[in-house]
Amino acid sequence: MIFDEVALGLRFREMPEEEVQERVKKVLEVCGLSPFIDWPISASVMVRKTGDHRLNPGIGAKDLDPR
């Protein structure tokens, strides 16, 4: 899940789970990803690969291009 991917580094640092929950939710909210908190990470990869942004029309392929 996307939440778990974001939380991984904080958990490796042995941060208390309450703080992990709080910080991850805040970061996902800031990034506009909070609606996808329980989605599998593969779903976000597929959106990037295909350029299919129907789920979030505010994001265009140009916004995700790393170049």
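What counts and what doesn't
Residues numbered from 1 in each chain as written. Predicted model: local features only at pLDDT ≥ 70, side-chain atom pairs only at ≥ 80, totals over all residues. Heavy atoms only, no water. Salt bridge = Lys/Arg side-chain N within 4 Å of Asp/Glu carboxyl O. Helix = DSSP H or I, 4+ residues; strand = E, 2+ residues; numbered from the N terminus. Buried < 20%, exposed > 50% of the residue type's maximum accessible area, 1.4 Å probe, protein only. Core = buried A, V, L, I, M, F, W, Y, C linked by side-chain atoms within 4.5 Å. Contact = heavy atoms within 4.5 Å. Axes fitted to C-alpha atoms, helices over the stretch in contact; angles between N-to-C directions. Parallel < 35°, antiparallel > 145°, perpendicular 65-115°, else oblique. Left-handed = near helix turned anticlockwise from the far one by under 90°. Nonpolar A, V, L, I, M, F, W, Y, C, P; charged D, E, K, R; others polar.

**Student:** Explain the pattern of salt bridges to me, please; I cannot follow it from the model alone.
**Tutor:** Two side chains with opposite charge may pair up if their charged atoms get near one another. Within the structure shown, the criterion is met by 3 salt bridges. Of the charged contacts, one joins Arg11 and Glu17 as a salt bridge, the two residues approaching to 2.8 Å between their closest N and O atoms. The closest approach of N and O atoms between Arg23 and Glu19, which form a salt bridge, is 3.0 Å. In this pair, Arg23 and Glu19 are both assigned in helix α2 (residues 17–30), 4 residues apart and thus about one turn of the helix distant. Overall, Arg23 belongs to the partly exposed group, its relative accessible area being 42%. Classification of Glu19 by relative accessible area gives partly exposed; the value is 30%. Through salt bridges that share partners, Asp4, Arg11 and Glu17 make up one connected network.

**Student:** Is there a simple way to explain the nonpolar core in this structure?
**Tutor:** Generally speaking, soluble globular proteins have nonpolar side chains that are buried together. Listed in full, the 10 residues of the largest apolar core are Ile2, Phe3, Ala7, Leu10, Met15, Val20, Val24, Leu28, Phe36 and Ile37. Looking at this core, the elements that each hand over two or more residues are α1 (2–12) and α2. Here the element with the most residues in this core is α1; it accounts for 4 residues. Sequence-distant contacts of Ala7, defined by excluding residues within four places in its chain, comprise Val20 and Val24.

**Student:** Even after reading the chapter, I still don't get the environment of Ser42, so can you show me in this structure?
**Tutor:** Inspection of the secondary structure puts Ser42 in helix α3 (residues 41–50). The class of Ser42 is partly exposed, set by a relative accessible area of 49%. Distance from Ser42 to Met1, taken between C-alpha atoms, is 8.5 Å for residues 41 residues apart in sequence.

**Student:** Explanation requested: the packing of α1 against α2 in the structure shown.
**Tutor:** Helix packing geometry: the angle between the two helix axes and the distance between the axes. For the pair α1 and α2, the least separation of the axes is 9 Å and the interaxial angle reads 125 degrees. Relative to α2, the element α1 is oriented oblique. By crossing handedness, the relation of α1 to α2 is classed as right-handed. Between α1 and α2, the residues in contact are Ile2, Phe3, Val6, Ala7, Leu10 and Arg11 and Glu17, Val20, Gln21, Arg23, Val24, Lys25 and Leu28, respectively. The residue makeup of the contact of α1 with α2, split by class, is 8 nonpolar, 1 polar and 4 charged.

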